[in-house]
Amino acid sequence: TTPEKVYKLVVLVNDSGFNLVADQNQQPIPKKGDSYDFEKLGDELKKIKDTHADKTDIQVASDDSIKFEVLVKTMDAALTARFPDISLIDSGGAGI
């Protein structure tokens, strides 16, 4: 049997906003002014969930300079979009 292809889902958080990596596709979600666009992130994650209903895991990668509060809100957006299995990783380990 051939191994099932793993669909990689990563939210990279950096100073300029989010970079949503869904398998081979990257979608930048820039900040709105000085604020992260959590609403847009949530909308995009819900679209992915609609097409990958069985996907439950997501990785949140961040630069060291990102405040913990931003990471918590990012994880909240992932939970709201029905991705309960969240891993926090260092952006250097994201392989992006």
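Each value, and the rule that gives it
Residues numbered from 1 in each chain as written. Predicted model: local features only at pLDDT ≥ 70, side-chain atom pairs only at ≥ 80, totals over all residues. Heavy atoms only, no water. Helix = DSSP H or I, 4+ residues; strand = E, 2+ residues; numbered from the N terminus. Expected span 1.5 Å × (residues − 1). Buried < 20%, exposed > 50% of the residue type's maximum accessible area, 1.4 Å probe, protein only. Arc of directions from axis to C-beta. Salt bridge = Lys/Arg side-chain N within 4 Å of Asp/Glu carboxyl O. Core = buried A, V, L, I, M, F, W, Y, C linked by side-chain atoms within 4.5 Å. Contact = heavy atoms within 4.5 Å.

Caption draft 1: Layout of helix H1 (residues 38-51). The terminal C-alpha atoms of H1 lie 20 Å apart, and with 14 residues this matches the ideal 20 Å at 1.5 Å per residue to within 8%. What H1 keeps buried is the set Leu41, Gly42, Glu44, Leu45, Ile48 and Lys49. Take H1 and look down its axis: the buried residues cluster within an arc of 165 degrees, on one side only. Turned more than 90 degrees off the buried face of H1, the exposed positions are Glu39, Asp50 and Thr51.

Caption draft 2: The pattern of salt bridges, seen in detail. Tallied over the entire structure, the rule returns 4 salt bridges. Lysine 40 is the partner of glutamate 44 in a salt bridge, and the nearest nitrogen-oxygen pair spans 3.1 Å. Within this pair, glutamate 44 and its partner lysine 40 are both found in helix H1, separated by 4 residues, close to a single helical turn. Judged by relative accessible area, which is 9%, glutamate 44 ranks as buried. Between glutamate 69 and lysine 73 there is a salt bridge whose closest N-O contact spans 3.6 Å. Separated by 4 residues within a single helix, glutamate 69 and lysine 73 lie in helix H2 (residues 68-80), roughly one turn from each other. Taking relative accessible area as the criterion, lysine 73 reaches 40% and is therefore assigned partly exposed. Linked by salt bridges that have partners in common, Lys40, Glu44 and Lys47 make up one network.

Caption draft 3: Representation of the nonpolar core within the structure. Leu9, Val11, Val13, Leu45 and Phe83 are the most contacted members of the largest nonpolar core, which totals 22 residues. Broken down by secondary-structure element, the contributors of at least two residues to this core are strand E1 (9-14), strand E2 (17-22), H1, strand E4 (57-62) and H2. Looking at this core element by element, the count peaks at 5 residues for H2. Contact partners of valine 13, with chain neighbours within four places excluded, come to Phe18, Tyr36, Val60, Ala61, Ser62, Asp63, Ile66, Val70, Leu71 and Thr74.

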